[in-house]
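Each chain, written out:
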Amino acid sequence: LASYTVMARIFVATARDNLLLITSEEAVELAQRIGDNRDYFREVAREELIEFSDPRFDALGFIGHFAHFTERFENLSFIGLDGREQARMSDSRTREDTRDFSSDPLFREALESPRRLVAADVTAEAGGSRPFLRLAYALHLGGSRKVGVIMGDLPLQRIAAVMIGRSLGQLGSTALVSANG
């Protein structure tokens, strides 16, 4: 009986150590994946790639630019300084309906954070079931004058794809949970 107790304790300790190792590896891989997507979004918002033909750079120009980046981002938008969405691609299609972001905390944070990529908490659109990470970056014309914000929605499904198919034994499973639950 004593040897059984010792073996059971060793088994539990080994299983716990294995679970901690797997969790640590998953966390590192997910952090890397999120970092890669942030870097990719910086490319979307890189001012040198956007040809500002005039201070307003029309919606059609943004739609053409966004078309190069839709494989990762479910929504890409250009939002003017007034908070009105001026151009949007959603699921690789141009959208005519526009949204008002003037009171959106992420929009305001992006405007107040020059040359810095900002991210909101993980969320889902009203009526939507797919959670996403929303990123934003303020654009500047000529290096100093703000012209608006580029905002993009990165579905968590694409970030978590690295976890799909991972085996944790016969009964194990993985779950990705944001800090806000």
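Each remark here, short or long, concerns the structure printed above.
First things first, this report covers the structure right here in the doc. Every chain is numbered independently, its residues counted from 1 as its sequence is written. Only residues with pLDDT of at least 70 get local features here, since the model is predicted, and only at 80 or more are side-chain atom pairs given and counted; chain-wide, interface and lining totals rely on the full set of residues. Water and hydrogen atoms were dropped before computing side-chain values, which therefore reflect all heavy atoms in the structure.

## Describing the overall build of the protein
Okay, step 1: Strands here mean DSSP runs of E at least two residues long; helices mean DSSP runs of H or I at least four residues long; both are numbered from the N terminus. When you go through the protein residue by residue, the secondary structure sums to four helices and six strands.
Okay, step 2: The helix and strand sequence of the protein, counted from the amino end, reads α-α-β-β-β-α-β-β-β-α.
Okay, step 3: Considering only contacts within the protein whose residues lie at least 6 apart along the sequence, 54% involve residues at least 24 apart.
Okay, step 4: As presented, the protein carries roughly 11,000 Å² of accessible surface, and 54% of it is formed by carbon and sulfur atoms. In what follows, a contact means two residues having at least one pair of non-hydrogen atoms within 4.5 Å. Per-residue accessibility takes into account occlusion by the displayed protein chains alone, with areas from the Shrake-Rupley method and a 1.4 Å probe.

## Brief notes about the nonpolar core
Okay, step 1: Membership of the largest hydrophobic core comes to 24 residues, with the highest contact counts inside it found for Phe41, Val44, Phe66, Phe73 and Ile150.
Okay, step 2: Of all elements in the fold, only helix 1 (2–44), helix 2 (59–66), strand 1 (75–80), strand 2 (85–90), strand 5 (132–141), strand 6 (145–155) and helix 4 (156–159) reach the threshold of two or more residues within this core.
Okay, step 3: Residues belong to a common nonpolar core when they are buried Ala, Val, Leu, Ile, Met, Phe, Trp, Tyr or Cys residues joined through side-chain atoms within 4.5 Å. Residue burial is assigned from relative accessible area. The probe radius is 1.4 Å, only protein chains are included, and a residue is buried under 20% of its type maximum, exposed over 50%, and partly exposed in between. With eleven residues, the next largest nonpolar core counts Phe101, Leu111, Val118 and Met151 among its residues.

## A closer look at the packing of aromatic side chains
Here the distance between the centres and the angle between the planes together describe a pair of aromatic rings.
Okay, step 1: Classification of ring pairs uses Phe, Tyr and Trp, with its six-membered ring standing for Trp, and accepts pairs whose centres are within 6.5 Å; under 30 degrees between planes counts as stacked, over 60 as edge-to-face, and the remaining range as tilted. Summed over the entire model, instances satisfying the criterion amount to five aromatic pairs.
Okay, step 2: A centroid spacing of 5.7 Å and a plane angle of 70° characterise the contact between tyrosine 40 and phenylalanine 69, whose relative ring orientation is edge-to-face. Here the residue tyrosine 40 occupies a position in helix 1, and phenylalanine 69 occupies one in the loop between helix 2 and strand 1, the gap between them amounting to 29 residues. Residues tyrosine 40 and phenylalanine 69 agree in their burial class; the two are buried.

## With respect to the pattern of salt bridges
Okay, step 1: Salt bridge, as used here: a side-chain nitrogen of Lys or Arg that lies within 4 Å of a carboxyl oxygen of Asp or Glu. Applying the stated criterion to the full structure yields nine salt bridges.
Okay, step 2: Close ionic contact of arginine 99 with glutamate 85 constitutes a salt bridge, the shortest N to O distance being 2.9 Å. One end of the pair, arginine 99, is in the loop between strand 3 (93–94) and helix 3 (105–112); the other, glutamate 85, is in strand 2, with 14 residues separating them in the sequence.
Okay, step 3: Here arginine 88 and aspartate 97 are joined by a salt bridge, their closest N and O atoms 2.9 Å apart.
Okay, step 4: For arginine 88, a relative accessible area of 6% translates into the label buried.

## Re the side chain of aspartate 104
Okay, step 1: Structurally, aspartate 104 is set in the loop between strand 3 and helix 3.
Okay, step 2: No salt bridge is formed by the buried aspartate 104; its nearest oppositely charged neighbour, arginine 134, is found at 4.5 Å.
Okay, step 3: From its side chain, aspartate 104 meets the backbone nitrogen of phenylalanine 107 in a polar contact 3.0 Å long.
Okay, step 4: Among all residues touching aspartate 104, those that are not within four sequence positions of it are Arg134 and Met151. Positive charges come from Lys and Arg, negative ones from Asp and Glu, while His and the chain ends are left out of the count. Within 3.5 Å is the distance limit for a polar contact, defined as a pair of N or O atoms, with the added protein rule that one can donate a hydrogen and the other accept it, and that residues adjacent in sequence qualify only through two side-chain atoms.

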